Amino acid sequence: MTARTRVKQALSEGRPGEALLLKGWARTVRTGKGVTFISLNDGSTLAGIQVVAEPELANYAEVAALGTGSALTVTGVLQESPAAGQELELKALSVEVVGAADQEYPMQKKRHSFEYLRTIAHMRMRSNTFGAVFRVRSALAQEVHRFFAERGFLYVHTPIITANDCEGAGELFRVTTLDLDNPPRLEGEIDFAQDFFAKATGLTVSGQLEGELFAQAFSDIYTFGPTFRAENSNTARHAAEFWMIEPEMAFADLSDDADLAEAFLKRLCRFALDNCDEDMRFFNAQIDKGLVERIEGVAQASFARMDYGEAIERLKKAPVSFQFPVEWGLDLQSEHERYLTEQVVGGPVFIMNYPKDIKAFYMRLNDDGRTVAAMDLLVPKVGEIIGGSQREERLEPLIGRMREVGIEPDSLSWYLDTRRWGSTPHAGFGLGFERLIMYLTGMENIRDVIPFPRTPRHAEF
RNA sequence: UCCCCAUUAGCUCAGUCGGUAGAGCGGGUGACUGUUAAUCACCAUGUCCGUGGUUCGAGUCCGCGAUGGGGAGCCA
C-alpha cells in the first residue's frame, strides 16, 4: 500500500476491501458527532471520493476541523457506501494533513461567478467547472496530435519570433531589446538595424507562411502553438495570446481542405463525447443544456457545402431582416453566418469561394477572376469556427495580388521561392484552439477556457 | 476603440418616494451516529468603487474617473 492511487482509478477500478493510499485536496468537509466526511479530489476526475473519518483516528480533532482546500494524504480501505450518493468510499485509517487551508480559502462550497473566479485564476482550477475545462482542454490537445499523426502529418514548430508583419492578419506585439527610454534613431525613425535581430521583429500572428514552406517538403504538415495578436479587442471571443492549429497539405485543393476540416471537427466532437463523458455530462447539466445533443449532431452530420454566391442569394431571400446589408462583395456578418448554418442548412456548412477583395492575398484566384478559393466552416450557435483556403501556387498571379494589396514582393522572397521551384497546388486552414474548446464545452468566454488569459490590460499570474 | 449596463458584508444579491443598510450562502461557537452545496440554534462582519457637486440630509440624484460585464468592429 505504498504506491499512490489516483481518485479516478480508485472509483473506476477499486474493489471493496482494497487498501489504498490517496492524495488530494478536500473539496468539502462535513462533520457530525461521530463521523466526518471529506470529499477528496486530486484532479484526475470530476467526482471526488468520499473519505470517512471516525474518532478512532489519532488526530480526529484536527481532521474534523479541516477547512475546504486542505491538502491531504489518506490511507484506508475501500468499502461499499451504506448511504446514497456514491457506490464506494474510503474508510480512513490515517489522514495526514500535508498542507492546511484556513477559513480565508477563497473558494467556498457554493457557486461562484466566472467573473469572480477569473480574479483568482491561480485557484479556480480547483473548482468543478474549471477542473472539467482544463481536463477537456488537455485531452483534446492530445487528440489533435493523434488525429494528425495517424494521417501522416508532420508536426512543425514554426517560429514564435518573426519579422513578418505584412500578412495583414493582425497587430504585432513588438519584440525588442532596444532601450525604450532612448532608442537609436536614423533620420528620425527608430533604427531597428541596431536591435537584437538587426530588424524589426514581433511575436507571430500565424505560422501559416512557414507552414506552407514545410508542406512543400513533407506534403502534409500542421502547426499547433501559441499565437499573439496585439489588437485592442475586448470581447468574449478574443485573447492576445491563444493557441492555433494550422494544417497545410501539398497536392491538395479546396475540396481536399474541406474534407480534412470536416473529418477533423467530427473526430474531436466524437472524442469529447466518448472520452470526456463525465466532464461533458457536467457541462451539459450545468453550463449549456443542449450541448451534448448539439455536439452529437455535428459528429454525425454530413457537412453541407455552399458557394458564397449562393449564400448571398439565400440571405437575400431570407424572410428575416438583418442589421447589416447583404450584397455580393460584402463580407458575411455574424448574424448572416448564424442564419445560414442554423436556419438554411440546420447543421455545419462550408461557405466557399469568396470575393477576392475581402480575403487575403495568398488565396488562390479562381478562373472567374473575381473570387478566391477560400472557405469558412460555420456551425450552429457560434458561426465561423474554421477558416481556410487553397493557396495561390502560381508565381505571377501571386505577385500580382501582393502588388494589388500593397505588399512588396521582395519582402517575402522566400515565400515566393516555393512558387519558383517545385510549386504544388496546396491548401490549409486555421482553427483557434480556445474557440474549439468553447464550442465543445459550452463555455461562453474565451477567458474561461485558457489557464491565464491575456487580454487588453490583463497579464496577471 | 465605440455603445450600453453594473459596482452595497468574504461570495451572490436586495435596498421602495433622498431620512444614516439587509437577506441567503460562507465564517465562528454549540447541537446532531452516515452526511451529500448536510441540518438546527446563536454570534460577528460594511471606506455602500473613488472623487467632486446638489441637498437640512445621498447607497439612492448629477458630473468626472476607475474597474467589471454585455454588444459592435476586427478576427482565430
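Preceding this paragraph is the structure being described.
Just so it is clear, the model here is predicted, and its values are computed rather than measured.

### A closer look at the overall build of chain A
Counting its secondary structure elements, chain A contains 13 helices and 18 strands. Considered along the principal axes of its C-alpha atoms, chain A spans approximately 85 × 60 × 45 Å. For chain A, buried positions account for 51% of its 461 residues. In the structure as shown, chain A presents an accessible area of about 21900 Å², 50% of it carried by carbon and sulfur atoms. Across chain A, the 50 positively charged side chains and the 67 negatively charged ones have centroids separated by 5 Å.

### Quick notes on the sheet that holds strand 15 (residues 349-355)
Strand order in this open sheet of 8 strands is 6-12-13-18-17-16-15-14, and the pairing throughout is mixed. Only two strands of the sheet have a single neighbouring strand rather than two, namely strand 6 (154-155) and strand 14 (304-307). The strands that helix 4 (residues 128-150) touches are strand 6, strand 12 (220-228) and strand 13 (241-250); relative to strand 12, the one it contacts most, it runs at about 150°. Together, strand 14, strand 15, strand 16 (371-379) and strand 17 (383-390) form the strand contacts of helix 10 (residues 334-345), whose direction differs from that of strand 16 by roughly 65°.

### Details of empty space enclosed by the protein
Using the criterion set out here, one finds 1 cavity of 30 Å³ or more in the structure. Volume-wise, the largest cavity comes out at about 30 Å³. In this structure, the largest cavity is lined by Arg237, Val382, Glu384, Ile385, Arg435, Met438 and Tyr439. Contributions of two or more residues to the lining of the largest cavity are made by strand 17 and helix 13 (433-441). Ranked by the residues each element gives to the lining of the largest cavity, the list is headed by helix 13, at 3 residues. A breakdown of the residues in the lining of the largest cavity according to their chemical character gives 4 nonpolar, no polar and 3 charged.

### A look at the pairing of strand 5 (residues 88-99)
Here 3 bridges tie strand 3 (residues 49-53) to strand 5, and the two strands are oriented parallel to one another. Looking across to strand 5, one finds that Gln50 is bridged to Glu89. For strand 4 (residues 71-80) and strand 5, the ladder comprises 10 bridges, and the chain directions are antiparallel. Within strand 5, the residue paired with Thr75 across the bridge is Ser94.

### Section: the layout of surface pockets
In this model, the second largest pocket occupies a volume close to 550 Å³. Surrounding the second largest pocket, 25 residues form its lining, Arg27, Gln108, Lys110, Ser127 and Asn128 being those nearest its centre. Listing elements by their share of the lining of the second largest pocket, those giving two or more residues are strand 1 (19-31), strand 2 (36-41), helix 3 (114-119), helix 4 and helix 7 (277-286). Each residue belonging to the lining of the second largest pocket can be placed in one class, and the counts come to 8 nonpolar, 11 polar and 6 charged.

### Digging into a nonpolar patch on the surface
Taken together, the side chains of Ile160, Ile161, Phe196 and Phe197 present a nonpolar region at the surface, about 370 Å² in accessible area. Within the secondary structure layout, Phe197 lies in the loop between strand 10 (189-190) and strand 11 (201-203).

### Observations regarding the side chain of Lys359
Note that Lys359 resides in the loop between strand 15 and strand 16. A polar contact is formed between the side chain of Lys359 and the side chain of Asp376, at a distance of 3.5 Å. Residues within four places of Lys359 in sequence aside, it is in contact with Tyr354, Val372, Ala374, Asp376 and Arg401.

### Overview of the pattern of salt bridges
Applying the stated criterion across every chain yields a total of 29 salt bridges. With a shortest N-O distance of 2.7 Å, Arg146 and Glu143 are connected by a salt bridge. Taken together, the residues span about one helical turn, with Arg146 and Glu143 both in helix 4 at a distance of 3 residues. With a closest N to O distance of 2.8 Å, Glu212 and Arg419 form a salt bridge. Taken together, the positions of Glu212 in helix 5 (residues 208-218) and Arg419 in helix 12 (residues 413-420) put the pair 207 residues apart, joining distant regions of the chain. For the residue pair Glu212 and Arg419, the accessibility class agrees, reading buried in each case. Three or more residues joined by partner-sharing salt bridges are found here, namely Glu143, Arg146, Glu150 and Arg267.

Cut-offs applied
- Residues numbered from 1 in each chain as written.
- Chains lettered and ligands numbered in written order.
- Predicted model: local features only at pLDDT ≥ 70, side-chain atom pairs only at ≥ 80, totals over all residues.
- Heavy atoms only, no water.
- Helix = DSSP H or I, 4+ residues; strand = E, 2+ residues; numbered from the N terminus.
- Buried < 20%, exposed > 50% of the residue type's maximum accessible area, 1.4 Å probe, protein only.
- Areas by Shrake-Rupley, 256 points an atom, 1.4 Å probe, with all protein chains shown as cover.
- Lys, Arg positive; Asp, Glu negative; His and termini not counted.
- Charge placed at Lys NZ, Arg CZ, Asp CG, Glu CD.
- Pairing = 2+ DSSP bridges.
- Contact = heavy atoms within 4.5 Å.
- Axes fitted to C-alpha atoms, helices over the stretch in contact; angles between N-to-C directions.
- 1 Å grid on protein atoms, 1.4 Å probe; cavity = no way out; pocket = protein on both sides within 12 Å on 5 of 7 lines; lining within 4 Å.
- Points joined across faces, edges and corners; volume = space filled by probe spheres on them.
- Nonpolar A, V, L, I, M, F, W, Y, C, P; charged D, E, K, R; others polar.
- Patch = residues over 30% accessible without salt bridge, like charges linked within 9 Å, V, L, I, M, F, W, Y side chains within 5 Å.
- Salt bridge = Lys/Arg side-chain N within 4 Å of Asp/Glu carboxyl O.
- Polar contact = N/O pair within 3.5 Å; in protein donor to acceptor, adjacent residues only side chain to side chain.

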